[in-house]
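Commentary on secondary and tertiary structure
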Amino acid sequence: RANTMKIRLVAIDLDGTLLNSAKEITASTATIIRAAREVAGVSVVLATARPPRTVLPFYSLLGLDTPMINYNGALVHEPDTGRIILHRPMEAKLARHVAPIGREMFPDVLVSAEVLDNWYTDRVEDGWQSETSRLSHSYTVAPMGQWLNQPITRLHLLGRRQWLSDIRHEVKAQLPGKISMAWSETSMLQIMNPTAGKRSALRAVAGEMGIQASEVMAIGDNANDAGMLQWAGIGVAMANASPRAREAADYVTDANDADGAAKAIAKLIG
């Protein structure tokens, strides 16, 4: 796709894209993003599967004041004001149907949920913790019935890969088209509202800011980034990207361990 318009907004995924393998933003990347914002007047939006609390350190490091896209697009909000722009949770009734399926099949599977930026679980085990839960200093441990009584931004099942594969198959059979599921790390299955996605979230952010799709550049590395890469005027995949992300992109930049996202911004914005 040819893009002759000035880029006004850059949406960037975090893990595997903006962050290197050490889960850091390098100094050179931060400098280029700061120049894009301050010199070129470009708005930068972080679009990630992570919950807000684990994104805020990077948001603050970059000095951002834009909306944030979390949970693969299930939540779009303004960190500074707390205003929610978009929230597409699962219905409580649906979450209450899904969670017991996993527990009945494999009693040791861990079930947890994110509701906006709050994390709930009925059991914590050090051996089965996601990166998000390890970084969560504040959470609620209570019986599932006490927190599966509200719309759920994202439901998590943690356990052995084979357990999750079997659970995924069963949930898909019982609830076709009612939910979307994705692997995160190697031992966590994410379950969400199927209408949530980075594409619709980015479209909502651009609409809030009065920016057209042709004025947006999106950068990502995984299948969950494909929608926003296709929607944006310029879609950029990392050299370490999945086949689906590469297919959706217009360009491929260097890997996340070689400041690929920053190089794409510097090159395409000028």
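Residues numbered from 1 in each chain as written. Predicted model: local features only at pLDDT ≥ 70, side-chain atom pairs only at ≥ 80, totals over all residues. Heavy atoms only, no water.

1. Regarding a nonpolar patch on the surface
A contiguous nonpolar patch, built from V124, Y139 and V141 and spanning about 230 Å² of accessible area, is present on the exposed surface. Positionally, Y139 belongs in the loop between α4 (131–135) and β8 (140–141). Note on Y139: relative accessible area 34%, which makes it partly exposed. (Patch = residues over 30% accessible without salt bridge, like charges linked within 9 Å, V, L, I, M, F, W, Y side chains within 5 Å. Areas by Shrake-Rupley, 256 points an atom, 1.4 Å probe, with all protein chains shown as cover. Salt bridge = Lys/Arg side-chain N within 4 Å of Asp/Glu carboxyl O. Helix = DSSP H or I, 4+ residues; strand = E, 2+ residues; numbered from the N terminus. Buried < 20%, exposed > 50% of the residue type's maximum accessible area, 1.4 Å probe, protein only.)

2. So, the sheet that holds strand β3 (residues 68–70)
Strand order across the open sheet formed by 3 strands is β3-β4-β5, with antiparallel pairing between neighbours. Each having just a single partner strand, β3 and β5 (84–87) make up the two edges of the open sheet. On average, each strand axis in the sheet is tilted by 10° relative to the strand beside it, whichever way the strands run. As paired elements, β3 and strand β4 (residues 75–77) share 3 bridges and run antiparallel to each other. In the strand pairing of β4, N70 is matched with L75. Contacts between helix α7 (residues 198–209) and the sheet are confined to β3, β4 and β5, with β5 contributing the most and set at about 155° to the helix. (Pairing = 2+ DSSP bridges. Axes fitted to C-alpha atoms, helices over the stretch in contact; angles between N-to-C directions. Contact = heavy atoms within 4.5 Å.)

3. Regarding the sheet that holds strand β2 (residues 43–46)
Spatially, the 5 strands line up as an open sheet ordered β2-β1-β12-β13-β14, and their pairing is parallel. With one partner strand each, in any of the chains shown, β2 and β14 (251–252) form the two edges of the open sheet. Of the pairings in the sheet, the one linking strand β1 (residues 9–12) to β2 comprises 4 bridges and is parallel in character. For V10, the partnering residue across the bridge sits in β2 and is V44. Relative to β1, α7 is tilted by about 155°, and along the sheet it contacts β1, β2 and β12 (216–220).

4. Here we look at the side chain of S242
With respect to the helices, strands and loops of the structure, S242 is situated in the loop between β13 (234–237) and α9 (243–248). When its relative accessible area of 17% is taken as the criterion, S242 is described as buried. Once you skip the residues sitting within four places of it in the chain, S242 turns out to touch D221, N222 and A223.

5. A look at the pattern of salt bridges
Counted according to the given criterion, the structure contains 11 salt bridges. Across the salt bridge formed by K198 and D13, the nearest N and O atoms sit 3.0 Å from each other. Within this pair, whereas K198 is found in helix α7, its partner D13 is found in the loop between β1 and α1 (27–38), the two being separated by 185 residues in sequence. With relative accessibility at 2%, the residue K198 sits in the buried group. Judged by relative accessible area, which is 5%, D13 ranks as buried. When the shortest N-O distance is used, the salt bridge between D15 and K23 registers 2.8 Å. You can call D15 partly exposed: its relative accessible area is 22%. Where salt bridges share partners, they join D13, K198 and D225 into one cluster.

6. Let's talk about helix α6 (residues 161–174)
Side chains that are three or four residues apart share a direction in an α-helix, a result of its 3.6 residues per turn. Its 14 residues place the ends of α6 20 Å apart at the C-alpha level, agreeing with the 20 Å of an ideal helix rising 1.5 Å per residue. Among all positions in α6, only W163, L164, I167 and V171 are buried. The buried residues of α6 occupy an angular sector of 90° when projected down its axis, which confines them to one face. Those residues of α6 that are exposed and aimed more than 90 degrees away from the buried face are H169, K172 and A173. (Expected span 1.5 Å × (residues − 1). Arc of directions from axis to C-beta.)

7. A closer look at helix α3 (residues 92–105)
In a regular helix each residue adds 1.5 Å, so 14 residues correspond to 20 Å; α3 covers 21 Å between its end C-alpha atoms and thus fits that length. All of the buried residues in α3 are A92, L94, A95, V98, A99, I101, G102 and R103. Looking at the packing, one finds that the buried side of α3 touches β6 (110–115), α5 (144–147), β9 (154–158), α6 and β11 (188–192).

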